[in-house]
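In case you want the letters, here they are:
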Amino acid sequence: MLRVLLPTDFSDNSFEAIKYALLAFKDMDCEFYLLHTYMPPVYHVEYVVGYPEQIGLGDVIKQNAVNDLNNLQNKLKEKFKNNRHSFDAFACLGTLTNQVNEMVKDKNINLIVMGTKGATGAREILFGTNTVHIIKRAKCPVIAIPPNFEYEVPKEILFPTDYEVNFKAKPLNLLLKIAKQHVSSIEVLHVSYGYELSDAQKKNKEKLDKILKGIAHLFHDKPNQEVIQAINNFQLKHKMNLLVMIQNKHTFVERLFIEPIIKKIGFHIQIPFMVIPHFK
């Protein structure tokens, strides 16, 4: 049973993310957890004294959230009828990041699927604040879905790596499941700067090759390019449906969230982006 957490703020982007999860895993037994977080307004003593009816406003906000979740759950059950899928919904007081971390632990979540931006996301921002915090802190893989994305079967998967990771099968288990379910091809992309692979990198590459045994995969080497440039150029020549990366402190994923220059050099993710936590 795959346990998937689906944070939602009821925006179009969050619905697109939920739709992606339901379709991508339509042939798997899944338990989906819908999560909406809310914060009550800050009360001032003078305001409450002048308007005593506002005291119960927090309860109203919670009830509205519960009603919206129930409506969403019913809509999903009706629109995506699937006997292999079940749903549970949670309206929680608090910040999204904290609630996601708690649910991942309490419900033994295997995957988080969410939009890259919320209802107020600006076009020039690659990821919304919530998405950044969740990806950086998540203890399980996260798939972020860009706005206005029309579902595509993840047949072609792009997997950039620097081979600095000591690959193990268990952390890549979900990626392997996706690839096997959809008979996908994994394109492993290594971006180098004119240097030969070290002995450690060669061993890691061999480990990855063994882990991917039984799945169609090819290794590509693109020398003397920046990572963003290499990913963009590869996608221009090959239609990709899913981008997968490992969140290694020394690799590109970490830079995505701390370097403002990223948005200036044309890295705009148009396909779902799966981030796998750093291997321990």
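All values reported here derive from a predicted model rather than from experimental measurement.

What counts, and where the lines are drawn
Residues numbered from 1 in each chain as written. Predicted model: local features only at pLDDT ≥ 70, side-chain atom pairs only at ≥ 80, totals over all residues. Heavy atoms only, no water. Helix = DSSP H or I, 4+ residues; strand = E, 2+ residues; numbered from the N terminus. Buried < 20%, exposed > 50% of the residue type's maximum accessible area, 1.4 Å probe, protein only. Contact = heavy atoms within 4.5 Å. Areas by Shrake-Rupley, 256 points an atom, 1.4 Å probe, with all protein chains shown as cover. pLDDT = per-residue confidence, 0-100. Pairing = 2+ DSSP bridges. Axes fitted to C-alpha atoms, helices over the stretch in contact; angles between N-to-C directions. Phe/Tyr/Trp six-rings, centres within 6.5 Å; stacked < 30°, edge-to-face > 60°. Lys NZ or Arg CZ within 6 Å of the ring centre and 35° of its normal.

## Here we look at the overall build of the protein
Step number 1: Along its length, the protein carries nine helices and ten strands.
Step number 2: Within the protein, buried positions represent 49% of all 280 residues.
Step number 3: Within the protein, residue pairs in contact and separated by at least 24 positions form 82% of the contacts whose partners lie at least 6 positions apart.
Step number 4: Accessible surface for the protein amounts to roughly 15000 Å². Of this, 51% is attributable to carbon and sulfur atoms.

## Quick notes on the confidence of the model for the protein
Step number 1: On average, residues of the protein carry a pLDDT of 85, and 81% of them reach 70 or more.
Step number 2: Mean pLDDT across the elements of the protein ranges from a minimum in helix H2 (residues 45-50), with 47, to a maximum in strand S1 (residues 2-7), with 97.
Step number 3: Per-residue pLDDT stays below 50 along residues 119-125; that stretch engages in six contacts with residues further than four places along the chain or on separate chains.

## A word on the environment of phenylalanine 273
Step number 1: Locating phenylalanine 273 in the fold gives a position in strand S10 (residues 273-276).
Step number 2: On the basis of relative accessibility, which here comes to 0%, the residue phenylalanine 273 falls in the buried class.
Step number 3: Residues phenylalanine 273 and leucine 158, 115 residues apart in the sequence, show an inter-C-alpha distance of 9.6 Å.

## Remarks on the sheet that holds S10
Step number 1: Strand order in this open sheet of ten strands is S3-S2-S1-S4-S5-S10-S9-S6-S7-S8, and the pairing throughout is mixed. Edge positions in the sheet fall to strand S3 (85-93) and strand S8 (216-223), since each of these pairs with one other strand and no more. Between one strand axis and the next, the sheet turns by 20° as a mean value, whatever way the strands run.
Step number 2: Sheet topology places strand S7 (residues 185-192) next to S8; eight bridges connect them, and they run parallel. Across the sheet, serine 192 pairs through a bridge with proline 223, a residue of S8.
Step number 3: With respect to the sheet, helix H8 (residues 227-237) is in contact with strand S6 (156-161), S7, S8 and strand S9 (242-246), its orientation differing from that of S7 by roughly 145°.

## Observations regarding the packing of aromatic side chains
Within a pair of aromatic rings, the relevant descriptors are the distance that separates the centres and the angle that separates the planes.
Step number 1: Across all of its chains, the model carries five aromatic pairs by this definition.
Step number 2: Summarising the aromatic geometry, the rings of tyrosine 20 and phenylalanine 149 are spaced 6.1 Å apart at their centres and angled 55° between planes, so their arrangement reads as tilted. Of the two residues, tyrosine 20 is situated in helix H1 (residues 12-24) and phenylalanine 149 in the loop between strand S5 (142-145) and S6; the sequence distance between them amounts to 129 residues.
Step number 3: Between lysine 75 and the ring centre of phenylalanine 15, over which it is positioned, the NZ or CZ distance is 4.3 Å.
Step number 4: Lysine 205 extends its terminal NZ or CZ atom over the ring of phenylalanine 219, reaching a point 5.1 Å from the ring centre.

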